Structures are given as C-alpha cells and as structure tokens.
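Read off the chains here:
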Amino acid sequence: MMRMHWLITVINRRIMKLLVALGLIAYIASVWGTYTNMRSIQEHSELKIEQRIDEAVAPLREKIRDLELSLTQKYPPVKFLSEKDRKRILITGGAGFVGSHLTDKLMMDGHEVTVVDNFFTGRKRNVEHWIGHENFELINHDVVEPLYIEVDQIYHLASPASPPNYMYNPIKTLKTNTIGTLNMLGLAKRVGARLLLASTSEVYGDPEVHPQNEDYWGHVNPIGPRACYDEGKRVAETMCYAYMKQVCLIVF
Ligand SMILES: O=c1ccn([C@@H]2O[C@H](COP(=O)(O)OP(=O)(O)O[C@H]3OC[C@@H](O)[C@H](O)[C@H]3O)[C@@H](O)[C@H]2O)c(=O)[nH]1
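Caption draft 1: Spotlight on the site of the ligand. Taken together, the neighbourhood of the ligand is formed by 21 residues, with Phe97, Asp117, Thr121, Leu157 and Tyr229 sitting nearest. The backbone of Phe120 places a nitrogen or oxygen atom 3.0 Å from an oxygen atom of the ligand. Calculation on the ligand without its partners gives an accessible area of 670 Å², and the protein chains cover 89% of this total. Breaking the shell around the ligand down by element, the ones donating at least two residues are helix H2 (97-108), helix H4 (170-191) and helix H5 (227-247). Taken together, the residues that form the shell around the ligand break down as 11 nonpolar, 7 polar and 3 charged.

Caption draft 2: Up close: a negative patch on the surface. A surface patch of negative charge is lined by Glu46, Glu50, Asp54 and Glu55. Here Glu50 is to be found in helix H1 (residues 2-72).

Caption draft 3: Geometry of the pairing of strand S4 (residues 153-156). Taking every second residue as pointing to the same face, both faces of S4 are buried, with Gln153 and Tyr155 on one and Ile154 and His156 on the other. Sheet topology note: the strand S1 (residues 88-92)/S4 ladder contains 4 bridges and is parallel. Within S4, the residue paired with Ile91 across the bridge is Tyr155. Here 4 bridges tie S4 to strand S5 (residues 194-197), and the two strands are oriented parallel to one another. Of the residues in S5, the one forming a bridge with Tyr155 is Leu196.

Rules and cut-offs
Residues numbered from 1 in each chain as written. Predicted model: local features only at pLDDT ≥ 70, side-chain atom pairs only at ≥ 80, totals over all residues. Heavy atoms only, no water. Near = heavy atom within 4 Å. Polar contact = N/O pair within 3.5 Å; in protein donor to acceptor, adjacent residues only side chain to side chain. Areas by Shrake-Rupley, 256 points an atom, 1.4 Å probe, with all protein chains shown as cover. Helix = DSSP H or I, 4+ residues; strand = E, 2+ residues; numbered from the N terminus. Nonpolar A, V, L, I, M, F, W, Y, C, P; charged D, E, K, R; others polar. Patch = residues over 30% accessible without salt bridge, like charges linked within 9 Å, V, L, I, M, F, W, Y side chains within 5 Å. Salt bridge = Lys/Arg side-chain N within 4 Å of Asp/Glu carboxyl O. Lys, Arg positive; Asp, Glu negative; His and termini not counted. Charge placed at Lys NZ, Arg CZ, Asp CG, Glu CD. Buried < 20%, exposed > 50% of the residue type's maximum accessible area, 1.4 Å probe, protein only. Pairing = 2+ DSSP bridges.

So this is what it looks like as structure tokens:
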C-alpha cells in the first residue's frame, strides 16, 4: 500500500513538472510570438513611413537636381537689361533656321524670349542651349490654335518655308499663314504688343521685275502649285495692314 502511494506521488510530481514545463514553454512561445509580431508591424510601418518620405522628397530631389544643373550649365553670355529695357518677346517658329538665330540674338541682348513652335520643320536642338535659362521658354504649340500669354513684342515666323514642306500639306500651310497670323494679330491687339511678320519674296509670285520694290504688286497665280504659300503670305500681309489701319497695331 505504502509502495503504491509512493508511486502515485512520484507520478504526480512528474506530471506536475511536465505541466509546469509545458506551461513555461507555452508562455515563452506566446511572448516570442507577440514580440516577433510587434517587430514585423513596426518594421512594416517603418517601411511605409520611409516609402512616404521617399515619395514626398522625390519631387524636391528633382528640383534640386534641376537647380544644380541650371547653376552648372553654361549658357552663351547674356547682357543684363534693366526691367524697363527688358522686353518679353514671343517668337513663333523660333526653333527654325531664322527663328533660332533671332532667339540667340534677342537672348544675348538680355530679353525674355518665348519660342512657340510645332516642330514641323524646326528642331528643339536649335534652341536647346537656352533650355533652363531663366529668360527662356520653349512651348510646343501650333499657332493655328489661339495662344494666351503676356508679351511686349511678337516675331511671327511660324510657317513652312521651303517648297517641299509647304506643298506637303497645302491646306495646313494656308491655315498656318491665315488662321495662325490672325491668332497672333489678335494676341498682339489684346496685350498691346507690336508684331513683325516674316513674309517672303514669293508674294511677288513669278515676278517680271527684278529686284522687286514695294510698289510692285507681283505676278501671282492663286491656283498654282505654290499658291498655298504665296497666297497665304499675301493674305497674312493684308491682315497685318488691316490691323494696323483699323486698330492702330504697330506692325512691321
Ligand atoms: O505650322 C507650322 C509650320 C512651321 N512652324 C515652324 O516654323 C519654323 C520655320 O522655320 P524653317 O527653318 O522651316 O524656315 P525658315 O527659318 O527659313 O523660315 C523663315 O523664313 C521664311 C518665312 O516664310 C518663314 O515664315 C520664316 O520662319 C520651323 O521651326 C517650324 O517648325 C510652326 O511653328 N508651325
């Protein structure tokens, strides 16, 4: 009997120890679980915060990079002009041959130049040496659509200029020289700017007089293959004169 009792006590003790050990292991496991869980939540939220910071900082980094670039970038020398003498100048077709050289001249003289071009024949690389300069702006825009900006002077050069280019799409050539010129005259009228139109000797058509002076009216053909350009520029000149006479616009 005594032996039996002793055996039960020993077994009970062992079970107790086992239970205590199991309890301890369960407790440690749960504490460890909570700890790793908390860590992963913390790491996750840290990751999210880092991500958000990165997102918020990215545009600033880009601005700083642009700023650094503009500080280190070398531009051709530009004169300083006082506010009074500095003009805001729009050059349509400014990425073309004549336009880009005019851009260089006016930029180097110290003016603020906005080039508007649809890059039909002009190229960005013709004016790329000014990109980022505080006095320079390049706008990809077709003058057939109205343009609303504030300027003091307009040099209206936008037009295809060589026969293969202007004969490629005669209707578009006509629109550029008529609607485009009308839009520029309208802009000049609205902001009180003076306007210069780049015309062409082709307004004289197939001239019988050489050289042609201002009194010569030309020898033109309104339905010939080059008419879209010749007549387009002729009507552009007529529009400029009408605006000059009717609304006292200063036109060259
Ligand atoms: O619809 C158009 C067509 C042309 N253009 C631009 O006008 C510019 C014309 O420049 P080009 O280099 O082809 O030709 P040029 O510089 O020789 O022409 C220049 O002299 C002749 C005149 O008829 C043009 O009006 C004048 O720009 C180009 O940058 C072209 O992309 C427009 O912005 N819109």
